[in-house]
Amino acid sequence: MRVPYVDFAGQYAAERRSLLSVVDRALAGGEMVLGREVSAFEKDFARLCRTKHAIGVANGTDALILTLKALWIGPGDEVITAPNSFVASAAAVALAGATPVFADIEADQLLSARTVEKALTPRTKAVIPVHLTGRVCEMDGLMALARARGLAVIEDAAQAVGAEDRGRRAGSFGRAACFSFHPLKNLNAAGDAGAITTSDDGLAERLRLLRNHGLKSRNEVLFWGYNSRLDALQAAILRARLKGLSKVVAARRKNAELYRKGLADVVECPKDRPGCKDVYHLFVIQCDRRDELQAHLKRRGVSTAVHYPTPIHLQAPAAALGCKKGDFPEAERQSARILSLPVHQLLSAAQIGFVVRSIREFYGR
Ligand SMILES: *Cc1c(COP(=O)(O)O)cnc(C)c1O
């Protein structure tokens, strides 16, 4: 049996007619960048995240850079983030001119107030908690710490669109939150796209200017800005797919539950937490002999991935920050044990069952 990690062709086949009609509408509308399609998507997306504003941008990395810039974070400032995230969480800080600082993670792969507190210095200006895999970080503790120390909280919600913790949505906790709609994300565009959510009117206004050359009107520039706008075509596709997001999340959660039932006695599975709705952008197990297991699954036709094999603090550009092996033991320990199983919405129960049996077979259970 073949179990693909992603299935873009399958996704498109199921939505071809509706997508072609919205693409036709967007192209006929005559606005290619920003415009009505983008405004309509921003409204829908803010409603989903339960925030006042959403600002469409070119990708998730730009969402982070623009947010840092709009909060006046730059040279001399430190921003704390997770060493086990996708590289963009830290790169955005450096590209904004500030210094990325890492804090270790908990057993559940996430930053917490406990670990962030150890990384604070008088220069700390912000924290970027990463809702990695699609589960919201323990935000009560992080927000309390940020309030006490006067720090801005910028959620990296790139993997967590639609995730909830006790009725609150990812993207609605911090001063702002950054989303990616890269093709691999749960809510995906047909190319690169991203958004920022916030309920701060002034910040939203600065972000709208920053993404578009600082242009207040066609010929009036208020400050140096970027070209990081969302395309009308991508917005139209995202708006159509947004309508099906709850089904995507339900299917991924069902797949996660099947994995848990079949594997919890063999490998460490992410637990379903009461009151939370994790969206399983990734289903990450932690296991012994990870590389051998991955090779075994590959031979069985099961595609898996590792997010991410090298923690950011051990990547080449982090050496200049003084980072070294041993700095974040939990992130390093997990990096050798994590394996992302296919969990996408188009998988059948039979396919999940096959993955479960193949893993049990590997461990002789
Ligand atoms: C995908 C991702 C990003 C970057 O988003 P892009 O749209 O690819 O620029 C940032 N942070 C995390 C955690 C991600 O998964």
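In this text the structure is predicted, and so the values were computed from the model without any measurement.

## What about the side chain of Asn-186?
1) Next: With respect to the helices and strands, Asn-186 occurs in the loop between β8 (176-180) and β9 (194-198).
2) Next: When its relative accessible area of 7% is taken as the criterion, Asn-186 is described as buried.
3) Next: A polar contact is formed between the side chain of Asn-186 and the backbone oxygen of Val-279, at a distance of 3.2 Å.
4) Next: Here the side chain of Asn-186 touches His-281 through a polar contact of 3.3 Å, side chain to side chain.
5) Next: Leave out the neighbours within four places in its chain, and Asn-186 touches Val-161, Leu-245, Val-248, Arg-252, Val-279, Tyr-280 and His-281.

## Some thoughts on unusual backbone geometry
1) Next: Omega for the peptide link from His-307 to Tyr-308 comes to 5°, which places this bond in the cis form.
2) Next: Within the element layout of this structure, Tyr-308 appears in the loop between α10 (290-299) and α11 (329-335).
3) Next: Phi at His-213 takes a positive value of approximately 65°, unusual for a residue other than glycine.
4) Next: Note that His-213 resides in the loop between α7 (201-210) and β10 (215-217).

## Description of the nonpolar core
As a rule of thumb, nonpolar side chains are buried together in soluble globular proteins.
1) Next: Counting residues in each nonpolar core, the largest one holds 58 residues, and the members touching the most others are Phe-41, Phe-45, Phe-181 and Leu-187.
2) Next: Counting residues per element, the ones that place at least two in this core are α2 (36-49), β3 (99-102), α5 (113-119), α6 (139-149), β8, α8 (232-242) and α9 (245-263).
3) Next: The leading source of residues in this core is α2, at six residues.
4) Next: Two domains each put at least three residues into this core: domain 1 (8-242) and domain 2 (245-362).
5) Next: When sequence neighbours within four positions are dropped, the list of residues in contact with Phe-181 reads Phe-41, Phe-45, Leu-187, Asn-188, Ala-189, Gly-191, Ala-193, Gly-194, Ala-195 and Leu-238.
6) Next: Membership of the second largest hydrophobic core comes to 30 residues, among which are Val-266, Tyr-280, Val-302 and Ile-338.

Calculation criteria
Residues numbered from 1 in each chain as written. Predicted model: local features only at pLDDT ≥ 70, side-chain atom pairs only at ≥ 80, totals over all residues. Heavy atoms only, no water. Helix = DSSP H or I, 4+ residues; strand = E, 2+ residues; numbered from the N terminus. Buried < 20%, exposed > 50% of the residue type's maximum accessible area, 1.4 Å probe, protein only. Polar contact = N/O pair within 3.5 Å; in protein donor to acceptor, adjacent residues only side chain to side chain. Contact = heavy atoms within 4.5 Å. Core = buried A, V, L, I, M, F, W, Y, C linked by side-chain atoms within 4.5 Å. Domains from an automatic or database assignment.

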